[in-house]
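Residue-level structural notes
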Amino acid sequence: MSTEFVLLAVLMGVVTYPSRALPLLAPGIERLPAPVLAYLRLVAPAILASIGAVNVLVVGPGGRVGFHVGIEAAAVVVCLVLTLWRRNLLAGLPAAVAIVAAARAVGAG
């Protein structure tokens, strides 16, 4: 198992923490203009969408971009469905991680 991306994940968490923690740390944040609040609410889903896209989009021979339909794509779909159904990202994300981890543990991913 490779741990080369652990530092990158920690760094990404540190970099994105201020925008995620702003509602907890700044009193009166609900008085900000509506576009600012919408932006702050959509930062985390946008980051997760980009991470999901990186896992399912690949560059093939000749620089052609295509979809990699594998366990990662299935996990992204499961995460999306669970998140929309439960209206909670915390319901979908662990399920997607568990699917990919289990598939890679048995050598299918």
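Everything below is about the structure shown above.
Quick summary incoming for the structure in this document. Since this is a predicted model, take the numbers as computed values, not measurements.

A short note on unusual backbone geometry
Even without being a glycine, Arg87 presents a positive backbone phi close to 55°. Tracing the chain through its elements places Arg87 in the loop between helix H3 (71–86) and helix H4 (89–105). A residue is classified by how much of its surface remains accessible, and Arg87, at 75% relative accessible area, is exposed.

So, the pattern of salt bridges
One pass over the full model with this rule turns up one salt bridge. Between Arg104 and Glu72 there is a salt bridge, and its shortest N-O distance comes to 2.9 Å. Taken as a pair, Arg104 in helix H4 and Glu72 in helix H3 lie far apart in primary sequence, 32 residues in all.

A closer look at a nonpolar patch on the surface
The grouping of Phe5, Leu8, Leu11, Met12, Val15 and Ile51 at the surface amounts to a nonpolar patch, some 570 Å² of accessible area in total. Tallying contributions element by element places helix H1 (residues 6–25) first for the nonpolar patch, with four residues. For Ile51, a relative accessible area of 34% gives the class partly exposed.

Quick word on the packing of H3 against H4
Between H3 and H4, whose axes approach to 7 Å, the crossing angle comes to 160°. When the axes of H3 and H4 are compared, the pair comes out roughly antiparallel. Regarding H3 and H4, the two cross each other, and that crossing is right-handed. Contacts from Ile71, Glu72, Ala75, Val78, Cys79, Leu82, Thr83 and Arg86 of H3 reach H4 at Leu89, Ala91, Gly92, Leu93, Ala95, Ala96, Ile99, Val100, Ala103 and Arg104.

Overview of the environment of Leu32
Note that Leu32 resides in the loop between H1 and helix H2 (34–56). As a C-alpha pair, Leu32 and Phe67 span 35 residues in sequence and 39 Å in three-dimensional space.

The rules behind the values
- Residues numbered from 1 in each chain as written.
- Predicted model: local features only at pLDDT ≥ 70, side-chain atom pairs only at ≥ 80, totals over all residues.
- Heavy atoms only, no water.
- Helix = DSSP H or I, 4+ residues; strand = E, 2+ residues; numbered from the N terminus.
- Buried < 20%, exposed > 50% of the residue type's maximum accessible area, 1.4 Å probe, protein only.
- Salt bridge = Lys/Arg side-chain N within 4 Å of Asp/Glu carboxyl O.
- Patch = residues over 30% accessible without salt bridge, like charges linked within 9 Å, V, L, I, M, F, W, Y side chains within 5 Å.
- Areas by Shrake-Rupley, 256 points an atom, 1.4 Å probe, with all protein chains shown as cover.
- Axes fitted to C-alpha atoms, helices over the stretch in contact; angles between N-to-C directions.
- Parallel < 35°, antiparallel > 145°, perpendicular 65-115°, else oblique.
- Left-handed = near helix turned anticlockwise from the far one by under 90°.
- Contact = heavy atoms within 4.5 Å.

Any functional reading would require information beyond the geometric quantities listed.
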